[in-house]
Amino acid sequence: MKIRSMKLREAHRSDGAASLCSILWDFQAHHIVTSSSSDATIAVHEALAPSNSPQILRNHRDGVTALALSPNSTCLASGSIDRSVKLYKFPGGEFQTNITRFTLPIRTLAFNKSGTMLAAAGDDEGIKLINTIDGTIARVLKGHRGSVTGLAFDPNSEYLASIDSIGTVIYWELQSGRTVHTLKGVAPDTNSDLSILNSLNWSPDGETLAVPGLKNDVVMYDRDTAEKLFALRGDHAQPVCFLSWSPNGKYMATSSLDRQILIWDVDRRQDIDRQKFDERICCLAWKPQGNALAVIDVLGKFGVWDTAVPSSMKSPTEGTSSLQLKNGNGLLLLDEEEQEPSTSGSLSDLSDDCLGDSEPRSRKRLRKPSKYDDDLDEDMKDKWNLLPKVESRKTTSHGNKESLDIQKGLISAAPKLQEAFQPGATPVQPGKRRFLCYNLLGSITTMEHDGYSHIEIDFHDTGRQPRVPAMTDYFGFTLAALNENGSVFANTCKGEKNMSTIMYRPFSSWANNSEWSMRLEEEEVRAVALGTAWVAAVTSLKFLRIFTEGGLQRHILSLDGPVVTASGFGDELAVVTHASSSLPPNDQMLKFRVFNIRNGTQPIKGRLPLSPGSCLKWFGFSEEGQLSSFDSKGVLRLFTTQYGGSWLPIFSASKLKKSEENYWVVGLNTSSVICIVCKSPDSFPQAVPKPILTLLDLSFPLASSDLGAETLENEFILKNMQLFEIRRKIEEMAAADQDFISLDDEAFNTEADLDKCILRLIGSCCNGDKLMRATELVKLLSMEKSVRGAVKLVTALKLPNLAERFSTILEERMLKETIEATVLPLPIVDGDASTKADVVISKTFASPKNEKVSELANKLPSGCLLPPSISKELFSKELANTGKVTALQKPTLKLENTLAVKNKSELKSALKVKNDGELKTVDVKAGGLSSVQTQRPSNPFAKASTNKDKSSFLESFKRKKNDNTGER
């Protein structure tokens, strides 16, 4: 057989020294990924355009020793000499997370068939099984004495095979984590050369495990019994250092220390082709589609061997679809049971035994008939065929569905659930300081250095908050929250016991040693939050743990979905969880719950709306305590109790039309969103130098108006929203018997601002000939002076018909206000219900039409009074509690004396209206007039009367009473 040679091109520099290099194809054969232990970068090459420069990923601080791609090629994992395992989106290359760390370099990585589990190992003792959905460590497998250099998941998800540098192979049962078989000294000892790693590989049907042998060969072992089946022995002059099955399992490629690659026909057990290279090939990968083999040598040079299998023979990818049907999984499809994350940390999702088998299967079952058993005669083969067939471990309906999916070519992964995040935190950046927390109060930053981290807490207003000394973090905290009283930290599961730590540090306390910490075993903290005298943590077991500020474990609640994030404000804790699986293409289904920690109640819950195809980027409270959210499409929403509880889109980044900017939200107030502007493609700020906060005006995503007055319409909606929230707070405070004078002033000022905005809108409508809209707007004015101003405005604009209509609306409003001053029966006071009552007359529009008001006064029954119109409910409540009618805040007219009314005529004489619109109130007693007080129309923009005004009113009242007594 003629030995061919091929040229390679450089992917990574090695300075002439041998390095351990890796190479991978993605499943569509569009990209080739390479790495080298002498280079801290990862290169992603375009297979269809090899002349293009590769995409470079620079996230490791030292050489990259291992690569792995998930079966659907959406997730890339890398291990390094820097002892970290990192995950990236693929093919984009966006860094996702440091999913785990070791104390010594990593040597090998492997995904399971669905990509939900990643196995990682190296010079450390133990193999980590990591849940890629939530980053938890499901199990640590220990048993090797040398560095683990190769890992391979059984395609049927029952076993994990591993090999170390001293030639020991171990079969692990995934469900229990137990050692099933241990084969000692079956592979070469590679301890002396780190550029050579023992590897092993399962056949695509999962029935055979291939391991480098001691005689420059490849030995095949049975899946269940670990018995030696046969060996591939040919023209390799030195030990095999890497091997790989073809996608259909018919061929195998092996590289050796003799610098050759041999292609084997496994059925015939002979090599069919070979290539000679200048340097040792340390890694190779079959092209998933077609007939090609990608290779890379110890100097970081790679290439593609086209037509690796002679064209006269069966293609190495022919028949792969039928093989996928046989396995019932297809390697590219996620099983339905495996789409949900395992929150308990068990490995039931890795084994198909949990899907309904009533009897446990024996690990030592008899070996299936094999085409490699030449020594079996026909009678023995017939006996093998008489054995009962092993049923598929999938349910029938599930297997049928998968078969249909594969036949239709549905090679796609289900939408992924959004992972948990901490509001105000930025992603990990190797060698750089990052934010653990950033809010309107201050920030918490951390930077890893030599195995530990350095944490600093800074406040925006250093004059109001104490200086907090820096902290050395030996726990590796990844989550933090900050408020005025202290800070809380948490980390991911670490150590042999797989423990997560929570630590709270108060900024000041009267007692020594007020700092406290808690440890959670087999449970990982996903989000933390702080409030008034409480600390909260949400964990991987869907537990909401609530602690007091002193560290007392107060409550443990079970949530009904995986947590996404959490935030605290005062007594309120808001938690966001997944409501269900994501909907195609990638719509996250989230819900929120708000807990009042002080009262032990849950006042609000519901679904959390997001823009289509987006995910939640920030979640928290405004400065006024209103719940808010911001999604990846740039839409900021505010929760309001209007319409039974709704989310209002109060800001949209797309409306700003600045595609070169991204907005990283920090918080918001009544008029602005407070954010950090990041230049594209950056989506988050750097901790150094300190970022600058930017205030952007809140703006509803309004449609383009035919008036061209979007700014005024936005202000109109915003002021209405603010006024509604102020009135809601007033009602809550009044119900709790709290002082709300300051809020009442704020409501009055907001009403005035809203009226001014409406008047400007009316002007725009008149100029745009939208008279119907102007009429609708004038009905929304809340003050008499504003309505009169609207009449003057349209009169000045020479719109007499509109002015007349406005005047009619004003008259109807005044009459309606008077009628709505509901007549209530007088309370009984000291047993005399017929003649005595405390009279309070609130502000009302004084109607120019005196006859109508006089008629209304005549119709009032004896023994009745007019309650204030500020709040009828509050008036009724006050009446029930005290038996008297008392004046509320900001009355425009208060009559202090007692009015004795005996009949309708006396009440009629008590209320008279002058022609100029003044309302005259006369105190009538049996003997005659007691006092007369004139009230002019109120100025709605004027402040409440001062105490001086009230005292002068009382003095004049007393003088009038004395004069009447003297006349008698």
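Residues numbered from 1 in each chain as written. Predicted model: local features only at pLDDT ≥ 70, side-chain atom pairs only at ≥ 80, totals over all residues. Heavy atoms only, no water.

Regarding the overall build of the protein chain
Then comes step 1: Secondary structure assignment for the protein chain yields 12 helices and 57 strands.
Then comes step 2: Counting all 968 residues of the protein chain, 51% fall into the buried class.
Then comes step 3: Taking the intrachain contacts of the protein chain between residues at least 6 apart in sequence as the baseline, contacts between residues at least 24 apart amount to 51%. (Helix = DSSP H or I, 4+ residues; strand = E, 2+ residues; numbered from the N terminus. Buried < 20%, exposed > 50% of the residue type's maximum accessible area, 1.4 Å probe, protein only. Contact = heavy atoms within 4.5 Å.)

Let's talk about the pattern of salt bridges
Then comes step 1: Following the criterion strictly, the structure yields 27 salt bridges and no others.
Then comes step 2: With its nearest N and O atoms 3.5 Å apart, the salt bridge here joins Asp267 to Lys250. Within this pair, whereas Asp267 is found in the loop between β25 (260-265) and β26 (270-276), its partner Lys250 is found in the loop between β23 (240-245) and β24 (251-256), the two being separated by 17 residues in sequence.
Then comes step 3: Put simply, Asp706 and Arg773 hold a salt bridge, and the shortest N to O gap is 3.1 Å. Placement of the pair is Asp706 in the loop between β52 (694-697) and α4 (710-735) and Arg773 in helix α6 (residues 771-778), with a sequence separation of 67 residues.
Then comes step 4: Look at Asp706 and you get exposed, because its relative accessible area is 53%.
Then comes step 5: Three or more residues joined by partner-sharing salt bridges are found here, namely Asp154, Glu158, Arg223 and Asp224. (Salt bridge = Lys/Arg side-chain N within 4 Å of Asp/Glu carboxyl O.)

Focus on the nonpolar core
Then comes step 1: By size, the foremost hydrophobic cluster in this structure holds 32 residues, and its most contacted members are Ile758, Leu761, Ile762, Ala774, Val778, Leu781 and Phe806.
Then comes step 2: The dominant element in this core, judged by the number of residues it contributes, is helix α5 (residues 741-767), at nine residues.
Then comes step 3: Aside from chain neighbours lying at most four places away, what touches Leu781 is Asp755, Ile758, Leu759, Ile762, Ser786, Val787, Ala790 and Arg813.
Then comes step 4: The next biggest cluster of nonpolar side chains, apart from the first, holds 29 residues, and it includes Met6, Ile263, Ala285 and Ala308. (Core = buried A, V, L, I, M, F, W, Y, C linked by side-chain atoms within 4.5 Å.)

With respect to the environment of Gly303
Then comes step 1: Here Gly303 lies in strand β29 (residues 301-306).
Then comes step 2: On a C-alpha basis, the gap between Gly303 and Ile23 in space is 9.9 Å, while along the polypeptide they are 280 residues apart.
Then comes step 3: Those residues within four positions of Gly303 in sequence are excluded, and the remaining contacts are Met6, Leu8, Leu293, Ala294 and Val295.

Some words on the sheet that holds strand β8 (residues 75-80)
Then comes step 1: Sheet architecture is open: four strands sit in the order β7-β8-β9-β10, paired in antiparallel fashion. Across the chains shown, the open sheet's two edge strands, defined by having one partner strand only, are β7 (64-69) and β10 (95-101). Neighbouring strand axes in the sheet, compared pairwise and without regard to direction, differ in orientation by 20° on average.
Then comes step 2: Relative to β8, β7 runs antiparallel, the two being bridged by five bridges. Bridge pairing in β8 places Ala68 opposite Ala77. (Pairing = 2+ DSSP bridges. Axes fitted to C-alpha atoms, helices over the stretch in contact; angles between N-to-C directions.)

Structural notes on the pairing of strand β40 (residues 543-548)
Then comes step 1: By the criterion of burial, β40 is predominantly enclosed, with five of the six residues buried.
Then comes step 2: Pairing of strand β39 (residues 534-539) with β40, which is carried by five bridges, proceeds in the antiparallel orientation. Bridging from a neighbouring strand, Trp534 pairs with Thr548 of β40.
Then comes step 3: Taken together, β39 and the strand that follows it, β40, pair antiparallel across an intervening segment of three residues, in which Lys542 is found at a positive phi of about 65°.
Then comes step 4: The pairing of β40 with strand β41 (residues 553-558) spans five bridges and is classified as antiparallel. For Phe543, the partnering residue across the bridge sits in β41 and is Ser558.

A word on α5
Then comes step 1: The end-to-end C-alpha distance of α5 is 40 Å, a good match for the 39 Å that 27 residues give at a rise of 1.5 Å each.
Then comes step 2: At the exit of α5 stands Asp769, carrying a positive phi of roughly 60°. (Expected span 1.5 Å × (residues − 1).)

Looking at the pairing of strand β28 (residues 292-297)
Two faces belong to every sheet, and in a regular strand the side chains alternate between them.
Then comes step 1: With six of six residues buried, β28 lies mostly within the body of the structure.
Then comes step 2: Of the two faces of β28, the one holding Ala292, Ala294 and Ile296 and the one holding Leu293, Val295 and Asp297 are both buried throughout.
Then comes step 3: Across five bridges, strand β27 (residues 281-286) lies against β28 in antiparallel orientation. Along β28, the bridge assignment pairs Cys283 with Ile296.
Then comes step 4: Taking the residues between adjacent antiparallel strands as the criterion, β27 and β28 are bridged by five residues, where Gly290 takes a positive phi near 105°.
Then comes step 5: Where β28 lies against β29, five bridges are found, and the strand directions are antiparallel. Within β29, the residue paired with Ile296 across the bridge is Phe302.
Then comes step 6: From the end of β28 to the start of β29, which pair antiparallel, there are three residues, and Gly300 there has a positive phi angle of about 85°.

Section: the side chain of Thr446
Then comes step 1: One can find Thr446 in strand β31 (residues 442-449).
Then comes step 2: By relative accessible area, which is 6% here, Thr446 ends up buried.
Then comes step 3: Among residues more than four places away in sequence, those in contact with Thr446 are Lys432, Arg433, Arg434, Leu436, Ser453, His454 and Ile455.

Things to note about the confidence of the model for the protein chain
Then comes step 1: Confidence in the prediction of the protein chain, expressed as mean pLDDT, is 78, and 74% of residues score 70 or more.
Then comes step 2: Note on residues 328-413: pLDDT under 50 across the span, and 126 contacts to partners over four residues away in sequence or across chains.
Then comes step 3: The low-confidence segment residues 823-954, where pLDDT is below 50, has 208 contacts with residues more than four positions distant or belonging to other chains. (pLDDT = per-residue confidence, 0-100.)

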